[in-house]
Amino acid sequence: MISFLQVIFIIAIIGMAVALGIASYRIIKGPTLHDKIVALDAFGVMLMGTIGIFSVLLDTPYLIVVIMIIGMLGAVGTVAMAKFLEKGWVIDHDRDPDD
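Keep in mind that what you see is a predicted model, and the values were worked out from it rather than measured.

Caption draft 1: Up close: the overall build of the chain. From N to C terminus, the chain includes three helices and zero strands. Traced from its N-terminal end to its C-terminal end, the chain shows the element sequence α-α-α. The globule rule puts the C-alpha radius of gyration for 99 residues at 13 Å, and the 18 Å found for the chain is more than 25% above it. Counting all 99 residues of the chain, 16% fall into the buried class. Contacts in the chain between residues far apart in sequence, at least 24 positions, make up 43% of those at least 6 positions apart. Approximately 7500 Å² of the chain is accessible, and the part contributed by carbon and sulfur atoms is 73%. The chain carries 6 positive and 9 negative side-chain charges, and their two centres are separated by 11 Å.

Caption draft 2: Local environment of unusual backbone geometry. Although it is not a glycine, aspartate 59 sits at a positive phi angle of roughly 60 degrees. Relative to the helices and strands, aspartate 59 is located in the loop between helix 2 (33–58) and helix 3 (63–87). Note on aspartate 59: relative accessible area 70%, which makes it exposed.

Caption draft 3: The arrangement of the layout of surface pockets in detail. Estimated volume of the largest pocket: approximately 200 Å³. Every residue lining the largest pocket is counted, 16 residues in all, and those nearest its centre are Leu40, Asp41, Gly44, Gly74 and Thr78. Secondary structure elements with two or more residues in the lining of the largest pocket: helix 2 and helix 3. Considering only residue class, the lining of the largest pocket consists of ten nonpolar, five polar and one charged.

Caption draft 4: Representation of the packing of helix 2 against helix 3. Between helix 2 and helix 3, whose axes approach to 9 Å, the crossing angle comes to 170 degrees. If you check the angle between helix 2 and helix 3, you find them roughly antiparallel. Contacts between helix 2 and helix 3 involve Leu33, His34, Ile37, Asp41, Gly44, Leu47, Met48, Ile51, Gly52, Phe54 and Ser55 from the first element and Leu63, Ile64, Val66, Ile67, Ile70, Gly71, Gly74, Thr78, Met81 and Leu85 from the second. Among the residues making up the contact of helix 2 with helix 3, the classes are represented as 13 nonpolar, seven polar and one charged.

Caption draft 5: Representation of the packing of helix 1 (residues 4–29) against helix 2 in the model. The N-to-C vectors of helix 1 and helix 2 enclose an angle of 160 degrees; their axes lie 9 Å apart at closest approach. Judged by the angle between their axes, helix 1 and helix 2 are roughly antiparallel. Crossing geometry of helix 1 relative to helix 2 is assigned as left-handed. Class assignment for the residues of the contact of helix 1 with helix 2 results in 18 nonpolar, four polar and three charged.

Reading the values: rules and limits
In this convention, every chain numbers its residues from 1, walking through the sequence in written order. The model is predicted, so local features are restricted to residues of pLDDT at least 70 and side-chain atom pairs to those at 80 or more, both for listing and for counting; the totals for chains, interfaces and linings are taken over all residues. Derived side-chain values reflect all non-hydrogen atoms in the structure, with water molecules and hydrogen atoms excluded from consideration. Labels follow the DSSP assignment, with helices taken as runs of H or I lasting at least four residues and strands as runs of E lasting at least two, numbered in each case from the N terminus. Taken over C-alpha atoms, the radius of gyration is set against a globule rule of 2.2 Å times the number of residues to the power 0.38. Burial classification: accessible surface area is computed with a 1.4 Å probe over protein chains only, and a residue below 20% of its type maximum counts as buried, one above 50% as exposed, and the rest as partly exposed. Residue contacts are defined here by distance: any two heavy atoms, one from each residue, within 4.5 Å place the two residues in contact. Shrake-Rupley sampling with a 1.4 Å probe provides the accessible areas, and residues are treated as covered by the protein chains on show and by no other component. Two residue types count as positive, namely Lys and Arg, and two as negative, namely Asp and Glu; His and chain ends fall outside the count. A charge is said to be at NZ when it belongs to Lys, at CZ for Arg, at CG for Asp and at CD for Glu. Residues are said to line a cavity or pocket when one of their atoms sits within 4 Å of a point; the points come from a 1 Å grid over protein atoms alone, cavities being sets where a 1.4 Å probe fits but cannot get out and pockets being open sets with protein on both sides within 12 Å along at least five of seven lines. Grid points are joined across faces, edges and corners, and a volume is the space filled by probe spheres set on the points. Amino acid classes used here: Ala, Val, Leu, Ile, Met, Phe, Trp, Tyr, Cys and Pro are nonpolar; Asp, Glu, Lys and Arg are charged; the rest, including Gly, are polar. Helix axes are fitted to C-alpha atoms over the stretch in contact, other axes to C-alpha atoms as well, and angles between N-to-C directions run from 0 to 180 degrees. Any angle between 65 and 115 degrees counts as roughly perpendicular, while under 35 counts as roughly parallel, over 145 as roughly antiparallel, and the rest as oblique. Each helix crossing is assigned a hand: it is left-handed if the near helix lies turned anticlockwise from the far helix by less than a right angle, otherwise right-handed if that turn is clockwise.

Now the structure itself:
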């Protein structure tokens, strides 16, 4: 028999799937590159939430590592893309030590 909490988790997963679909549309059809980056960051956060719900629903702690890896990659990717949009490059090879 399905418990009330499992029904809530299934409804949450369906809601997250809809939100992931909307974010995917914005990633593909975003009018500017800034919109696409924000949608990609939101996609990563929603993906972490979805995996967290699955982790609780399946009663396993092993998916927490996957959530942490997605979070780290998402944060580094967002910072790198923001720097690229601001300056035009990510890694500056011509740094002057006097600056």
